[in-house]
Amino acid sequence: MNRIVPVIAAALLAACGAKSSKTVTAAAAEQPAVEFTHEAHIMADVACLDCHSGIDKATRLEPKRHVSVSCSDCHDDARGQVKVPERVKEVRFTFSHQDHLAKVKDCKTCHQALPEPGDKEIKAPPMAACTSCHNHQMDFAQAKCTPCHTDLKGFVPESAFAHTGDWLRTHGNYSRTSAQSCAACHDQTYCATCHASQTTPALPSSIFPEEVKRDFIHRGDYVSRHMIEAGANPSSCRRCHGSPFCDSCHTQQNLTMKSLTPFPVHPAGWANDKASGHFHGDAARRDITSCAGCHDNGASAVCVACHQVGGLAAKSPHPKSFARKHDAGDRRSNAMCAACHHGA
Amino acid sequence: MRTPRHIVAAVALLAASGAGADTVEVTSTTLVSAGQQARDRRLGQEPDLVTVVPAYEIVSITARDIRTSIADDLQLQLSGWGSYDFDSLRWDNGTSESLTGDLMSAQVQARFLDRRLTLRLGREHVMSGVARMIQIDGGEAILVLPGGFRLSGYVGSPVAQRFASRTGLKSWNPAGGDFAYGGRVGWSLAIPGHAGRGLDVGASANVVEDAGDPVRQEVGADFRLQPLQTVSFTGFGAFSVYDERFSEASVAARWKPVHRLEVTADWRFLAPDLLLARNSILSVFSASTRKEYGVGLDYEVGHGFSVGGDYHLSVEPGETAEDNSYLGQDLVVRADWTRGATEAGGEITYLDALENGYWAGRLYGKQGFGKVFAAADVMSYFFKEDVNGESFAVTGSLSGGIELARGFSAVLAGRAGVTPFMEQTYDVMAKLVYNQTYTVREVR
């Protein structure tokens, strides 16, 4: 296992021919401000194509290559080349000036604001400039953001998909209907950080303790409060963890009946005192998933000894809704039923 | 451990096709932590304390928009890790060996027919509909049809920890079993006027079996409706065909009356026992249900400062079958401030359930100093009923990091606390991270 990961990585990089024409780090270097004034040049009736020569033939977005003119080409007292600031955000969409300028003659149709002295970023037209001509409603609904956007990383979602409020609780409803929209920004490797609960190396908050703002589940001393939160919302554990996961730790803590002398976790009256307020039957009815944290052991589960047909507990343990829907046929065909209903 | 053959085959396919990826993202995290964990509790005795020193190598590689003669936008996603426990085995090692590892995601995805057909193969999550984010080794196909229809289906085997047995009796997968399949049919109606306006509806099914026995048989329906730019509704319902009852249902509404204010309301119905595997012996004992009613509010005060809160009322089963329901409560109030390289915030939480509850407070902050940063996080809990004889828990962490050259960064963190199960606890962690994006074709 340990050897296959680097092998795959090496094979992948070789296959993709990743020659890294440009290495982009998360935090772009601090850039000097723009010195060039567009406004003064436009006022002097300098045509866009005078400086952006060849833009009408450009089929790709290459901002630096679109400006090749020197100041000294026009100004006797100027020296050097016009400096285009580095983009803080990567260009992650496709665009052909050639196609668009053939139909839209005026650059201002899209470029309504231009960089001026003091600006530190190129002022790219907003998406509204695209949607003012192109109707992308269905594309949006189907998350067909490609091939215009190569991906949506680095964009902040708006409206319903904004990750605001109690996003940890609400994001599931969006992903169920619009998984393709989530995938526009998030690879499954990102989702797996939390959702691959059985295959993650450790808690996300343990791997990323410095990410104090992220909505990590189980942050801090979760061991001390896990039974409280499990009791408050029994389904929450079951969305990610199977019973053997809980049992693997409980066994190490000597909390299960796999030990001959387990640490007592149940209060007095648990076994058979209904008046104690701690009767196990009531607890199981309220929150059976907590029982499963130690006792989900199939036919060898401790419940079977008493609750099997002919066992110590004479009364049927099944809720009415269960008994109504499962009959003798289930008892014959289902291995779980056979654990208690011998020879049924 | 067996090597997943489809991953090797996918890599071979890529190499053979002479593909070129637009973007390759690589993350490597080398992490070592050290601390103590409790073991083997005995009545009247302090638990044994063991020292755990696991070292991890976590690797994630994503290659996107690989163009081949076979498919448009071929993607490869791989995320996995290996670890070695230098001292005692950590509790979630998952094996009895010091050396272990696992794959979180390992999939090849390709699009065909002008990107209308997406095929995915490998270790993946299925998130649409009633699939409940099931993690499978298998495949999924998604077909975009005319008229706004979308059809998807998947088949595979639920993933177990460390390539162990997949049966529900041993697998950590909540949908333990050896075979799973399902799908969803969806329809989208776009409403002109603003990106996102429209209706998404879908119907789905999810079936899991364990050696032929039913583990899960659910059908579901979901929707997202955004009639206005500022208003959206979502809903989901799941029905257990095997037990002929609803396992879950929820409806949520979100409204932004003004730009800085967001108001939410939600309702949720749950039958927790139906999230147990149907072949679990414990699935036959209970049929209780719960309901939650909630509201939330978030407000951007300005200058990077925002406040918000959520309140949920939970209708739980009473203490005995004859009792009325118990009304539990869940409240979170939070404040958050971000300005430049400074992040700070706090939360107050109140949880009340029949069994127990707590008041909690949390303060956190992070400050950047150029390429160096420091972060702190303190959490404290005051329990309604004592936990292991203790009434509170306090833990705090301090982290510091530095951005090194060429995409490398390093983080050192320490955590200490006083908790009910560990009178004094501490652990330290050091990690070296390599995080790089290779853009083969910068722009097109």
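Residue indices follow the written sequence of each chain, beginning from 1 at its first position. Following the order in which they are written, the chains are lettered starting with A and the ligands numbered starting with 1. It should be noted that, the model being predicted, local features are given only for residues of pLDDT at least 70 and side-chain atom pairs only at 80 or more, the latter also being counted only at that level, while totals for whole chains, interfaces and linings use all residues.

Let us look at the overall build of chain A. Going along the chain from the N terminus, every DSSP run of H or I of four or more residues is numbered as a helix, and every run of E of two or more is numbered as a strand. A count of helical and extended segments in chain A gives 19 helices and one strand. Residues counted as buried form 28% of the 344 residues belonging to chain A. Contacts are defined on C-beta atoms placed from the backbone: any two residues whose C-beta positions lie within 7 Å are in contact. Across chain A, contacts joining residues at least 24 apart in sequence account for 55% of those joining residues at least 6 apart. Whether a residue is buried, exposed or partly exposed follows from its count of other C-beta atoms within 10 Å of its own C-beta, namely 20 or more, 12 or fewer, or something in between, respectively; the C-beta atoms are built from the backbone.

This brings us to the overall build of chain B. Looking only at helices and strands, chain B has one helix and 23 strands in total. The principal-axis extents of the C-alpha atoms in chain B amount to approximately 65 × 55 × 55 Å. Taken over 444 residues, chain B has a buried fraction of 45%. The contacts of chain B with a sequence gap of at least 6 include a subset with a gap of at least 24, amounting to 45%.

This next bit is on the nonpolar core. To define a nonpolar core, we join buried Ala, Val, Leu, Ile, Met, Phe, Trp, Tyr and Cys residues through C-beta atoms within 7 Å and take the resulting set. Membership of the largest hydrophobic core comes to 41 residues, with the highest contact counts inside it found for A:I288, B:I134 and B:L282. Broken down by secondary-structure element, the contributors of at least two residues to this core are α8 (179-183), α13 (243-252), α14 (280-286) and α15 (288-295) of chain A together with β7 (134-144) and β12 (231-240) of chain B. Contact partners of B:I134, with chain neighbours within four places excluded, come to B:V126, B:P158, B:A175 and B:A180.

Now for unusual backbone geometry. Unusually for a residue other than glycine, A:H218 sits at a positive phi of about 60 degrees. Within the fold, A:H218 resides in the loop between α10 (204-207) and α11 (222-232). With 16 C-beta atoms packed within 10 Å, A:H218 lands in the partly exposed category. The backbone phi angle of B:E244 is positive, close to 55 degrees, even though this residue is not glycine.

Contact with chain B, which involves 157 residues of that partner, is made by 120 residues of chain A. In terms of residue count, strand β3 (residues 54-67) of chain B provides more of the side of chain B that touches chain A than any other element does, ten residues in total. Each residue is assigned to one class: nonpolar for Ala, Val, Leu, Ile, Met, Phe, Trp, Tyr, Cys and Pro, charged for Asp, Glu, Lys and Arg, and polar for all the others, Gly among them. Of the residues contributing to the side of chain B that touches chain A, the split by class is 66 nonpolar, 56 polar and 35 charged.

Glancing now at the confidence of the model for chain B. Reading predicted coordinates in detail is not appropriate for stretches of low pLDDT. Residues at a pLDDT of 70 or more form 94% of chain B, whose mean pLDDT is 90. Here the complex is predicted with pTM 0.83, and the ipTM for its interfaces comes to 0.90. Values of pLDDT, the confidence the predictor places in each residue, fall between 0 and 100.

Below, the discussion takes up the confidence of the model for chain A. On average, residues of chain A carry a pLDDT of 78, and 79% of them reach 70 or more. For the stretch residues 1-29 of chain A, pLDDT sits under 50, and the model shows 59 contacts to residues farther than four places along the chain or on other chains.

Within helix α9 (residues 188-195) of chain A the residues assigned to the buried category are A:Q188, A:T189, A:C191, A:A192 and A:H195. Taken end-on, α9(A) shows its buried residues confined to a sector of 155 degrees, consistent with a single buried face. At its buried positions, α9(A) is contacted by β3, β4 (72-85), β5 (99-112) and β6 (117-126) of chain B. Throughout, the arc means that of the directions going from the helix axis to the C-beta atoms.

Turning our eyes to something else, we now look at the packing of α13(A) against α15(A). All names here are of chain A. Running from N to C, α13 and α15 point in directions that differ by 60 degrees, and their axes come no closer than 7 Å. It follows from the interaxial angle that α13 and α15 lie oblique. The element α13 and its partner α15 pack so that their crossing is right-handed. Residue-level inspection shows S243, C246, D247 and H250 of α13 in contact with α15, the latter providing A292, G293 and C294. Taken together, the residues of the contact of α13 with α15 sort by class into three nonpolar, three polar and one charged. Throughout, an axis means a line fitted to C-alpha atoms (over the contacting stretch in the case of helices), and angles, computed between N-to-C directions, take values from 0 to 180 degrees. Roughly parallel covers angles under 35 degrees, roughly antiparallel covers those over 145, roughly perpendicular covers 65 to 115, and oblique covers all other angles. In this scheme the handedness of a crossing depends on how the near helix is turned from the far one: anticlockwise by less than a right angle means left-handed, clockwise means right-handed.

Turning next to the pairing of strand β11 (residues 213-228) of chain B. All names here are of chain B. Alignment of strand β10 (residues 198-210) against β11, held across 13 bridges, turns out to be antiparallel. Its bridge partner lying in β11, D200 is registered against R224. Note: two strands are recorded as paired if DSSP finds a minimum of 2 bridges between them. Across nine bridges, β11 lies against β12 in antiparallel orientation. Pairing of A221 across the sheet is with G237, part of β12. In this antiparallel pair of consecutive strands, β11 and β12, the connection spans two residues.

Residue and element names in this part refer to chain A. The topology assignment puts H149 in the loop between α6 (137-141) and α7 (167-177). Owing to 16 C-beta atoms within 10 Å, H149 belongs among the partly exposed residues under this scheme. The spacing of H149 and T94 is 55 residues in sequence and 6.3 Å in space, taken between C-alpha atoms. In this view, H149 contacts R92 and F93; residues no more than four positions away in its chain are not counted.

Moving on: α7(A). For α7(A), the set of buried residues is A:R169, A:T170, A:N173, A:Y174, A:S175, A:R176 and A:T177. Those residues of α7(A) that are buried lie in contact with α8 of chain A together with β10, β11, β12 and β13 (245-258) of chain B.

What follows covers the pairing of strand β17 (residues 326-339) of chain B. All names here are of chain B. The pairing of strand β16 (residues 305-316) with β17 spans twelve bridges and is antiparallel. If you follow V307 over to β17, its bridge partner there is A335. Note that β17 and strand β18 (residues 342-352) share eleven bridges and pair antiparallel. Each residue of the ladder has a partner; that of Q329, found in β18, is D352. Linkage of β17 to β18, two consecutive antiparallel strands, is achieved through a turn of two residues, within which G340 is found at a positive phi near 60 degrees.

Structurally, A:A292 is set in helix α15. Each C-alpha atom, one on A:A292 and one on A:M43, is 76 Å from the other, the two residues being 249 residues apart in sequence.

Quick look at the environment of B:S314 now. Tracing the sequence through the fold places B:S314 in strand β16. Along the chain, B:S314 and B:D352 lie 38 residues apart, while their C-alpha atoms are 9.2 Å from each other. B:S314 has contacts with A:A232, B:R290, B:E292, B:G328, B:Q329 and B:D330, leaving out every residue within four places of it along the chain.

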